[in-house]
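Working through the structure, step by step
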Amino acid sequence: MIAVLDDEPEMRKALHRLLGCRGFRVEEYACAEDFFAALDSHRVDCLLLDLHMPGTNGFDVLGAFQARHIATPIIVITAHDEPGTEDRVQVLGASAYLKKPVDRDALLAAIEATTPRTRFHDSVNKHALKERSDYG
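Just so it is clear, the model here is predicted, and its values are computed rather than measured.

Here we take up the environment of M11. Its place among the elements puts M11 in helix 1 (residues 9-21). Residues in contact with M11, not counting those within four places in the same chain, are D6, I77, K100 and V102.

This part covers the pattern of salt bridges. Following the criterion strictly, the structure yields eight salt bridges and no others. Where K100 meets D6, a salt bridge forms, and the shortest distance between an N and an O atom there is 2.9 Å. Note that K100 is positioned in the loop between strand 5 (96-99) and helix 5 (104-114) and D6 in the loop between strand 1 (2-5) and helix 1, a separation of 94 residues in sequence. You'll find K100 and D6 in the same group, each marked buried. For D81, the salt bridge goes to K99, with nearest N and O atoms at 3.5 Å. Separated by 18 residues along the polypeptide, D81 in the loop between strand 4 (74-78) and helix 4 (85-91) and K99 in strand 5 bring together distant segments of the chain. Given a relative accessible area of 46%, K99 falls into the partly exposed group. A single network of salt bridges, built from pairs that share partners, joins D6, E8, D50 and K100.

One way to put it is that helix 2 (residues 32-39) packs onto helix 3 (residues 58-67) with a least axis distance of 11 Å and a crossing angle of 25°. Between helix 2 and helix 3, the interaxial angle falls into the category roughly parallel. Seen from above, helix 2 lies across helix 3 with right-handed handedness. Where helix 2 approaches helix 3, its residues A32, F35, F36 and L39 are matched on the opposing element by V61, A64 and F65. Residue classes in the contact of helix 2 with helix 3 are distributed as seven nonpolar, no polar and no charged.

The rules behind the values
Residues numbered from 1 in each chain as written. Predicted model: local features only at pLDDT ≥ 70, side-chain atom pairs only at ≥ 80, totals over all residues. Heavy atoms only, no water. Helix = DSSP H or I, 4+ residues; strand = E, 2+ residues; numbered from the N terminus. Contact = heavy atoms within 4.5 Å. Salt bridge = Lys/Arg side-chain N within 4 Å of Asp/Glu carboxyl O. Buried < 20%, exposed > 50% of the residue type's maximum accessible area, 1.4 Å probe, protein only. Axes fitted to C-alpha atoms, helices over the stretch in contact; angles between N-to-C directions. Parallel < 35°, antiparallel > 145°, perpendicular 65-115°, else oblique. Left-handed = near helix turned anticlockwise from the far one by under 90°. Nonpolar A, V, L, I, M, F, W, Y, C, P; charged D, E, K, R; others polar.

The following block contains the structure:
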């Protein structure tokens, strides 16, 4: 499952739609507290994380993952690209750093690079088979 943690409803919806069409199961979270509450009962293969959110922000989430030794890959997505931010999130354990508006191909490549290959390829293959049956 791919978790999307972003305080912007439009961004969550767009990412959900994109990844859902690619065969991924997606869960959306508007705040870090809801995400952490669900973490115990959900297996997260990859987290798409916004940095700038009210309350617990993306830097806090990265720090919590690092402190708890959680190995889930995290792809940071931000609209506020400031000098040093990319280096800072990488030190905190982020697998990838993308800027909004997010390039679809760059996002999918980052997910493929961080998610177990068999799971990603199974998902893509199911999507391709569905597309062929829809159009073939």
